[in-house]
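Residues per chain are reported as follows:
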Amino acid sequence: MSTCIYCIDNDIIKKLATFQLFDKTIQLFYASYGQVNILETAKYKFENDWKKFEGGRSRKTEDPVINYKQVLYLTKTLPNILESEIDQEIFIQLSSIENIDPGEAMLTSCAIKFIQNNKSAQIFSGDKRFIKALANVSLPIIQQSLNHRLWCLEQLVLKNIEADGFETIRDLIVPVRECDKAIKNVFGSGLNSTSENSLPTLKSYIEECRQEAGNLLNPYK
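Conventions and cut-offs
Residues numbered from 1 in each chain as written. Predicted model: local features only at pLDDT ≥ 70, side-chain atom pairs only at ≥ 80, totals over all residues. Heavy atoms only, no water. Helix = DSSP H or I, 4+ residues; strand = E, 2+ residues; numbered from the N terminus. Rg over C-alpha atoms; globule rule 2.2 N^0.38 Å. Buried < 20%, exposed > 50% of the residue type's maximum accessible area, 1.4 Å probe, protein only. Contact = heavy atoms within 4.5 Å. Areas by Shrake-Rupley, 256 points an atom, 1.4 Å probe, with all protein chains shown as cover. Axes fitted to C-alpha atoms, helices over the stretch in contact; angles between N-to-C directions. Parallel < 35°, antiparallel > 145°, perpendicular 65-115°, else oblique. Nonpolar A, V, L, I, M, F, W, Y, C, P; charged D, E, K, R; others polar. Core = buried A, V, L, I, M, F, W, Y, C linked by side-chain atoms within 4.5 Å. Polar contact = N/O pair within 3.5 Å; in protein donor to acceptor, adjacent residues only side chain to side chain.

Caption draft 1: Representation of the overall build of the protein. A tally of helices and strands in the protein yields 12 helices and four strands. The C-alpha radius of gyration computed for the protein amounts to 17 Å, which stays within 12% of the reference 17 Å derived for 221 residues, consistent with globular compactness. Counting all 221 residues of the protein, 52% fall into the buried class. At a minimum sequence separation of 6, the contacts of the protein that also span at least 24 residues come to 75%. For the protein, the computed accessible surface area is about 10,500 Å², with 47% contributed by carbon and sulfur atoms.

Here it is, written out as structure tokens:
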């Protein structure tokens, strides 16, 4: 089996970069930037979002805390998914399904093609609607190829906590917790949040995602 390839969506890039956890997370998976594949359109999307925020035209409540400098650096540095790396038939089918946008269809079809070519691939996604929709797709190749290959944001945060300690990760996330509703709830007491009250909430979000994703979600916690 070839080296693992990671297909990462825009939401994960934005939030892990803002939490200062992107590089840490990639290291936890023993990966390098060259193994992380993102959408080519990501840099254009975030450049546009940044310009709207700078120009006072953004209505996104999370924008004041987003680390756009790091997000833009990542989207201009990480490898882009190429059209030749996409299973076009699967992409077309997934693009027609509610709650799966073209970018998510591209990430998924790319991961499946990597797997078909005897490479290992994982998908990091911050969009639970996408994960739920994908789990309900009636294409056998989805279950066959992507069994235990999806990771949600909460799992990645928990993996960092277990690697570096609760307080270390809490202190990074709390100042910017407004960028994600679930993570804001996990650290609802701010810097006074404790592992005793935060970890059960974090794990409950993972379990909720697992109930919707079934075997697609990685079994981690």
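Structure's up, so let's keep going.
Caption draft 2: Quick look at the packing of helix H9 (residues 153-164) against helix H10 (residues 166-173). Interaxial distance between H9 and H10 falls to 7 Å at its minimum, and their mutual angle equals 130°. Classified by the interaxial angle, the pair formed by H9 and H10 is oblique. Within the contact between the two elements, H9 uses Val157, Asn160, Ile161 and Asp164 and H10 uses Phe166, Thr168, Ile169 and Ile173. When the residues that make up the contact of H9 with H10 are grouped by side-chain class, the tally is five nonpolar, two polar and one charged.

Caption draft 3: View of the nonpolar core. Counting 78 residues, the largest nonpolar core has Ile8, Phe19, Phe22, Leu94, Leu134, Ile142 and Leu146 as the members making the most contacts within it. Residue contributions to this core peak at seven residues, all from helix H6 (residues 102-116).

Caption draft 4: Examining helix H1 (residues 10-18) more closely. Burial analysis of H1 places eight of its nine residues in the buried class, the great majority of the element. Buried within H1 we find Asn10, Ile12, Ile13, Lys14, Lys15, Leu16, Ala17 and Thr18. Sitting at the head of H1, Asp9 places a side-chain oxygen 3.3 Å from the backbone nitrogen of Asp11. One or two residues past the end of H1 sits Gln20, with phi positive at roughly 60°.

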